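Breakdown of the fold
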Amino acid sequence: MKNKLHILSAKQLRDAFIEGSFSAQQICCYFLDRIEKLDPQVGAFLAIYRERSLEQAKNLDEKRNLGAPCGKLAAIPIALKDNLHVEGEVTTCGSKFLTNYRAVFNATVTNLIEEADGIIIGKTNLDEFAMGSSTEHSALRKTVNPWHSECVPGGSSGGSAAAVAARLCPIALGTDTGGSIRQPAAFCGVVGMKPTYGRVSRYGLVAFGSSLDQIGPIATTTEDIGLMMEVIGQHDPSDATSLPIHGGDYIKELVKSDIRGKKLGVPYNFLTNLAPEARENFDASLKIFENLGAKLVPVDLDILKYSVATYYILATAEASTNLARFDGIRYGIRSKNAKTLDEVYDYSRRDGFGWEVKKRILLGTYVLSSGYQDAYYNRATKVRVKIIDAFLKAFEGCEAIVSPTTPTPCFPRGAIQDPVQMYLQDLYTIGANLARLPAISIPSGFNKEGKPWSVQMIGASKEDVRILEYAQAFERAVPFFSSIPKGFE
Ligand code: GLN
């Protein structure tokens, strides 16, 4: 086992550390070396914190050797998406604009992870400002899908998902505004969870769509997702939208995970356009749920056909407001050609942002502008309420809702040029963001070309533990933990 630490789950690594089989420094070194050796093939990382993490590991070893109790994430190497702050380190958001920005404070999740003795080993690549579904919009690095090197890892948390899939670290954090944890997790054959909005503090996350953004874990097992949720799912007074509730005893609840007799809602009508290959995998997943003793019931979520349009009004409106702070004065690289104040704003933003980000700012500004606000923004907020109502109604008759995570498996780099086709990647994931519900994506097999498929479960508000429990029941029937992409075994 000594030369194969990467095949262990996060929980197993922690146990090995607590038992004394390995020191934190050994574990940390092992993963840092592995990243150094293999990441050039994957492109998952934007920064590697060698010294910082080895220092933490050393302190942790001393703590353990003194017999002091160690935290829930003790000695687990963890990567953060590079839109989360680590004090003193650069937060790029995958943008050229912020390559000089050093965070002046820790994100709450950073503090919680470190208080639990987790070791943050680096930051991962993303679509610029988390806008995208393939990580192709990163201005800084190309990330490949470890399963198929010509394919994208999904996005926007593509670096986090690829890092976990290639076993460069057992857990990474992502962020999900419209599907950015679940879709890349699905493309990379790993588990990804978007908690209930407000469950995880957004303090120290660079905002994209503030009413939609959530931080969540990507890992290779549902148990590791639970472990991370126990640590980061805490109320935080620094985030005004943080839920005033206790995080939840995920691991304890998971021990008795059971799905027998539970009703799972299937939005059959909304799924009529599924491509045959996607349908085949989804039907097989439904069969597995039935064999596990769950009962499938139809639910009406037809309104979700408006979810992508609604999202691209609300998310761009919020993004255009949130991104106004990047002006080349307080944040971001200032254009050298600017001579007047207006030119500082104009040229810095022109040179700093990529075209996808500029497009979103333009769209968001348009839908909020006087004369159009009623027609677009205000109308979209009304549709959002209807979507929330439809979910509430659906949950009167079931405990969780099942759908595919994505309409297609991972696609080759450059294959989707039409932005609307790219936006449709999130057709099944966006609903949970609009309704602020918890949702999880778990691997459900491979297609003929060896590309991973996944199934998504959406829970009622604050039922994060429940969907994780059902996902774990599924995981037991479809064990995917030991599937490791070729070249990374
Ligand atoms: N793909 C969606 C978008 O481009 C969602 C992104 C996200 O969840 N951060 O906006």
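Residues numbered from 1 in each chain as written. Predicted model: local features only at pLDDT ≥ 70, side-chain atom pairs only at ≥ 80, totals over all residues. Heavy atoms only, no water.

Looking at the largest pocket, its volume works out to about 220 Å³. Looking at the lining of the largest pocket, its residues break down into nine nonpolar, two polar and two charged. (1 Å grid on protein atoms, 1.4 Å probe; cavity = no way out; pocket = protein on both sides within 12 Å on 5 of 7 lines; lining within 4 Å. Points joined across faces, edges and corners; volume = space filled by probe spheres on them. Nonpolar A, V, L, I, M, F, W, Y, C, P; charged D, E, K, R; others polar.)

Turning next to the site of the ligand. Around the ligand, 15 residues are found, and the nearest of them are Thr177, Gly178, Ser180, Tyr311 and Asp426. Ser156 has a polar side-chain atom sitting 3.5 Å from a nitrogen atom of the ligand. Measuring from an oxygen atom of the ligand, one finds a side-chain N or O atom of Ser180 at 2.7 Å. Protein chains bury 100% of the 290 Å² of accessible surface belonging to the ligand in isolation. (Near = heavy atom within 4 Å. Polar contact = N/O pair within 3.5 Å; in protein donor to acceptor, adjacent residues only side chain to side chain. Areas by Shrake-Rupley, 256 points an atom, 1.4 Å probe, with all protein chains shown as cover.)

Here strand 10 (residues 439-446) lies mainly inside the structure; six of its eight residues are buried. Two strands pair when backbone bridges link them, and strand 10 and strand 11 (residues 452-459) are joined in this way by seven bridges, in the antiparallel orientation. Paired with Ile440 across the bridge in strand 11 is Met457. Hairpin remark: strand 10 followed by strand 11, antiparallel, with five residues in the connecting loop; positive phi at Gly450, about 80 degrees. (Buried < 20%, exposed > 50% of the residue type's maximum accessible area, 1.4 Å probe, protein only. Helix = DSSP H or I, 4+ residues; strand = E, 2+ residues; numbered from the N terminus. Pairing = 2+ DSSP bridges.)

On the basis of which strands lie adjacent, the open sheet formed by 11 strands has the order 1-3-2-4-6-5-10-11-9-7-8 and mixed pairing. Across the chains shown, the open sheet's two edge strands, defined by having one partner strand only, are strand 1 (45-48) and strand 8 (295-298). Direction aside, the axes of adjacent strands within the sheet are offset by 30 degrees on average. For strand 2 (residues 77-81) and strand 3 (residues 119-124), the ladder comprises five bridges, and the chain directions are parallel. Bridge pairing links Leu80 to Lys123 in strand 3. Lying over the sheet, helix 2 (residues 24-42) contacts strand 1, strand 2 and strand 3, oriented at roughly 15 degrees with respect to strand 3. (Axes fitted to C-alpha atoms, helices over the stretch in contact; angles between N-to-C directions. Contact = heavy atoms within 4.5 Å.)

With that out of the way, let us pick up a nonpolar patch on the surface. Taken together, the side chains of Ile329, Leu341 and Tyr345 present a nonpolar region at the surface, about 250 Å² in accessible area. Checked against the element boundaries, Ile329 lands in the loop between helix 10 (307-322) and helix 11 (341-352). (Patch = residues over 30% accessible without salt bridge, like charges linked within 9 Å, V, L, I, M, F, W, Y side chains within 5 Å. Salt bridge = Lys/Arg side-chain N within 4 Å of Asp/Glu carboxyl O.)

Where strand 7 (residues 263-266) meets strand 8, four bridges bridge the pair, whose relative direction is parallel. Paired with Leu264 across the strands is Leu296, a residue of strand 8. On the question of chirality, the crossover connecting strand 7 to the parallel strand 8 by way of helix 9 (residues 276-291) is right-handed. (Right-handed = clockwise from strand over helix to strand, strands pointing away.)

Here we come to the packing of helix 7 (residues 222-232) against helix 16 (residues 464-477). Running from N to C, helix 7 and helix 16 point in directions that differ by 160 degrees, and their axes come no closer than 9 Å. The orientation of helix 7 with respect to helix 16, classified from their angle, is roughly antiparallel. On the side of helix 7, the interface is formed by Thr222, Glu223, Ile225 and Gly226, while helix 16 contributes Leu468, Ala471, Gln472 and Glu475. Class assignment of the residues belonging to the contact of helix 7 with helix 16 gives a composition of three nonpolar, three polar and two charged. (Parallel < 35°, antiparallel > 145°, perpendicular 65-115°, else oblique.)

We now examine the environment of Met422. Checked against the element boundaries, Met422 lands in helix 14 (residues 419-423). Remark: the alpha-carbon pair of Met422 and Ala309, spanning 113 residues in sequence, is separated by 13 Å.

Right, let's talk about unusual backbone geometry for a bit. Of note, the amide linkage connecting Gly155 to Ser156 takes the cis form, showing an omega dihedral of 10 degrees. Mapped onto the fold, Ser156 is located in the loop between strand 3 and helix 5 (158-165). Unusually for a residue other than glycine, Cys93 sits at a positive phi of about 55 degrees. The class of Cys93 is buried, set by a relative accessible area of 1%. A positive phi angle is found at Phe129, which is not glycine, with a value near 55 degrees. Residue position: Phe129 is located in the loop between strand 3 and helix 5.

Next up on the list: helix 7. Working note: α-helix, 3.6 residues per turn, so residues spaced by three or four point in the same direction. With 10 of 11 residues buried, helix 7 is to be regarded as a mostly interior element. Listed in full, the buried residues belonging to helix 7 are Thr222, Asp224, Ile225, Gly226, Leu227, Met228, Met229, Glu230, Val231 and Ile232.

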